[in-house]
Structures are given as structure tokens and as C-alpha cells.
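So the chains spell out like this:
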Amino acid sequence: MIQNDPDALVEYGFRRVIITVIAVLCSLLEIVDTTIVNVALNNMRGSLGATLTDVAWVITAYAIANVIIIPMTSWLSQQFGRRNYFTASIIIFTVASFMCGNATNIWELVIFRFIQGLGGGALLVTAQTMLTESYPIAKRGMAQAIYGMGVIMGPTLGPPLGGYITDNYSWPYIFYINVPLGIIATVLTILYVKSPKYGEKLKASQVDWLGIFYLSAFIGSLQYVLEHGQQDDWFNNNTIITLSLISLFGFVLFLQREMTYKYPIVNLKVFRDTNLRVGTIMAFILGFGLYASTFLIPIYTQSVLRWSATDAGLLLIPSSLMTGFMMPIVGKLIQRGVSQKYMITAGFLAFFAFTFWMSRILTPDTGEEFMYWPLVLRGVGLGLLFVPITSLSLSTLKGKEIGDGAAFTGMMRQLGGSFGIAIITTFIARFSQQHRVDLVSKLDKTKFVVQNQITMLQKGFMAKGYTFNQAMDKANQVLEIKVMRQASVLSFMDIFMYLGIVFLLCIPIVLIMKTGKSKMDPSEMMH
């Protein structure tokens, strides 16, 4: 990207407020839509007559479209002009949202959800770049902190909002809610957003079509494998094996193509920078922790504690508010020259403390008050990690390389989340089975305590009119449910502990990064 005057895009007063609103609104729309459908899947199954496997594609299609488009946003902005591309993305996202709400069968919904993801993926990175360039350098720290609050709070707001809409209205309204907001964002973008002057656009014959194909094959197949691995029994399934091989070959061919083609769609040469290489790993771990914990806590509260979807989502709000509170503080600290290394280390320690604390307090009937402070600590950890990881990753890059590096940190954060959810769903299933076997082996029916429990349950059922044998069967069923519940709790405790250990192991990696400039330009912070 060639820009004649770097200050030409800086806005002041009312125009800057409007651009901040557009950027935060669009990024929130995109991120909330990643998680808002999770709590409505059962309702979709019922009204569209779909199986659980089919309805999972509603999430998968959006995620695949997202991760394919994010690395290409910088190039697409250059080809079409940022304002044009951003406006088109909002329109695609809004129209696709309306069509999702109007879908009459599951595959129609999946197709429109994929199109929605193609529009939405562009909103995230482009909104951020647009916001950065609209602020003078001295004020960019606060601008990025505002943006960061949207990015962190988005995944948390999705489930309670989706739960409320589904409980009180019907599932199509989780898509219809995007339509008025999308129309407002489109009008404001056309009126207020400027486009930077770009260098020459590529001709159709120069476009890296093969690179786009390889990228789509690599990322798309990988995302499918991660989303469907557990339910399809991983490598015992031929589809999973085939797509894993396609992803591997797609990755190798993509690397080879981008390193040798004159006009690559993604600039891989930025990976010569040590900080970016380590930073993308950190971004992956951050995505892993953010999405894994956002996924794990509602699953525990709904499956074990029997909370409603709305209540499960609301539990995460204090954590998000704490992250929002931390963002401007972290922005100020970076501007004052505090080393990002120390903040990232503190963030990883806080996240470890959160997971360790959670692993100690989980029971089949843990109260909300016991989870409040660990979740606040999670918010502190995420606040200390989000901005410093990206700023340190980009601290030794210059000019156009910053945008290229930013696309990688964004993509790796998304992929980290996908890996986190895939690994956790697998571990919940495997650990629960193992703990159930261990618990059943300790249930000796010759022991007085076990006999007494079964007898009491049997008498309770007989009092309700069941025969002796029916009451015995019911008593055994109740005991099985209790065992399964306890096995689930033990598996959640294990997963929280392992998640914390992963974060603890990252601290030595942070310490090998170069600090770069002592005072980081906050414009380079948050991609």
C-alpha cells in the first residue's frame, strides 16, 4: 500500500467519533455472530428438521469463511479501495444475515451463513486499520483500547444475547438484529470513511488465483477437521483423514507459491522477524485461552449445574467488564514505556491463577458467588495479554509489513480458538469416560454406604407407586446420573488445570522476545 500523506486520513471532532462508532459496531457485529448461534442450535434443529451433525454446519460454515478471508483483507482493500471494500463487506454481511433468518431448510441457512462469514471476516481487520488511521499518533492508544474492548467482549455477549432472543422471540431474530445495524453502518461508512491512495491495482491475470485456492484448501479443510473431529471420531473417519491430507498439502503448496510468486496474496517474508514468529504463537495461545474458557464455562454451567443459556452467558459479563477496564490502563502503560514482556508474563500468570482456582472450586452444585472472583481474574489476565502480545509482535516491523503481520496475528488468534474448542470437546468426552470407569469401579454394592443409598432411592420410588423391580431400576438410573455428573465435574477440573499449565509454559517463550522500541507506537498495537 502506498499512501501519499500519512496524516491525510486523521479525523477530528464529530467525524472521528462517528468512525470510532462504525469500527466498534462492525467488529462487534462480526464477533458476536461467531457465538450468538451456539445457544439457538436446538431451536434451529426443531424448526428446520435437521440432525445435530447438520446443524453444527451453521457454526462451521461461518468459521471457515472467516479464516479464509482474514489473511486476504489487506490485499482486497488494495485492489478495490478500502471504503468500497468495507462498504461491500457490510452490505454482504447484512443481506446474508437477512437471508439466514429467512432460510427454509438447513442447507440454505448454511450457504447464507458462509456468505455472511465472507462479509464478516473483512469487517474485523479493516475496521481496525480504519480506526488506527483516523486518530493522530498521540491518541491511538485509547482508540485501540476501545476497539479491544469490543473484540474481547464480543464472544461473551453472544451467548446471553442469543439466549434472550431465542427464549423471548424466535431464532431468526438473532440474524434479523444485524439488519438495522448493518444499514446504519453502511450509510455512515459511505458518508464519513475516507480511502487511502493505493499504488497500482493488479490486473486479473496478475492476481494470485492459485494462492487463493491453496489458502482456501489449507485453512478451510483445517477448520472443518477442528470443528467436526470429535463428533466424527477423528482419524477413524475417512472424511477427517482426507481433509487433513488436503490441509497439509494445501499448506505446503501455499507456502511454496507465496515465497516464489511476484504478486503474493499474503506476504510471508515478514516471518523473518523473530518477534512476529514468537508473537503469532502467543496470539494462537491467547485465542486458545479466550475461546476455550468462553466455551468451557457455559458448557459446565449448563450441563452440570443446569443453568439456562441466558444465565450461563451472563456469568461471563464481569470478566469482560474487567477486561474493558484494563484496556485503557494497559494502553497508557505501553505509551509510558512499560515493557510489554512484563505485562504478557503477568497476564499469563493471572490466567494460570484463574484456571488453577477454577479447578479447585468446581463441584456438582458450585454457586455463582464462588466463580465471580476467578472470572474477574480471567478478565485481568486477558486485559494484560491482548494489546501487549500484538504490539510486541509488530514492534520491530516497519511500514506495510505492520499490516501484513497484523493479519497473521488476527488469523492465528481465530485458529487458536478453533483448536482450543476442538481439543476441549475431545477432552471432555475422553476424560468423562475415564472418570466414569474409575468411579464405577469404586461403587462396591457390598458396602453399607452404597447399599443404603440404593435402598433409600428405591423406597422413594416405591412410595410414588412403582413396583419393587421398577423402583430398583429407577434407583440404579439415578445412581448412574450422579456418577456421570461427578465424572463430568472431574473432567472439567482436569481441563482447567491443563489449560493453566499451557499458559505457564508460555512464560519462558515470552522472555526470549526482543523488546523493540521502549515506547511502542500504539497505532501498531491492535490488529
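Cut-off values and rules
- Residues numbered from 1 in each chain as written.
- Predicted model: local features only at pLDDT ≥ 70, side-chain atom pairs only at ≥ 80, totals over all residues.
- Heavy atoms only, no water.
- Helix = DSSP H or I, 4+ residues; strand = E, 2+ residues; numbered from the N terminus.
- Buried < 20%, exposed > 50% of the residue type's maximum accessible area, 1.4 Å probe, protein only.
- Contact = heavy atoms within 4.5 Å.
- Areas by Shrake-Rupley, 256 points an atom, 1.4 Å probe, with all protein chains shown as cover.
- Phe/Tyr/Trp six-rings, centres within 6.5 Å; stacked < 30°, edge-to-face > 60°.
- Salt bridge = Lys/Arg side-chain N within 4 Å of Asp/Glu carboxyl O.
- Expected span 1.5 Å × (residues − 1).
- Polar contact = N/O pair within 3.5 Å; in protein donor to acceptor, adjacent residues only side chain to side chain.

Draft legend 1. Structural detail: the overall build of the chain. Across its full length, the chain carries 19 helices and zero strands. Going through the 527 residues of the chain one by one, you find that 56% of them count as buried. The long-range share in the chain, meaning contacts at least 24 apart out of those at least 6 apart in sequence, stands at 83%. For the chain, the accessible area works out to roughly 22500 Å², and carbon and sulfur atoms hold 66% of it.

Draft legend 2. Representation of the packing of aromatic side chains within the structure. For the structure shown, the criterion picks out 15 aromatic pairs. Aromatic side chains Phe213 and Tyr214 sit 6.0 Å apart centroid to centroid with 55° between the ring planes, which places their arrangement in the tilted category. Judged by its relative accessible area of 15%, Tyr214 falls in the buried class. Both rings, one in Phe348 and one in Phe503, keep their centres 5.4 Å apart while their planes meet at 65°; by these two values the pair is edge-to-face.

Draft legend 3. Up close: the pattern of salt bridges. Per the stated rule, a full pass over the model turns up one salt bridge. For Arg113, the salt bridge goes to Asp33, with nearest N and O atoms at 3.6 Å. Of this pair, Arg113 sits in helix 6 (residues 106-134) while Asp33 is found in helix 1 (residues 13-35), placing the two residues 80 residues apart along the sequence. A residue is classified by how much of its surface remains accessible, and Arg113, at 0% relative accessible area, is buried. Residue class for Asp33 comes out buried when judged on its relative accessible area of 1%.

Draft legend 4. Summary view of helix 11 (residues 238-260). The terminal C-alpha atoms of helix 11, which comprises 23 residues, lie 33 Å apart, in line with the 33 Å expected from a rise of 1.5 Å per residue. Buried residues along helix 11 sit in contact with helix 10 (209-228). Capping of helix 11 at its N-terminal end is provided by Asn237; its side-chain oxygen lies 2.8 Å from the backbone amide nitrogen of Thr239.

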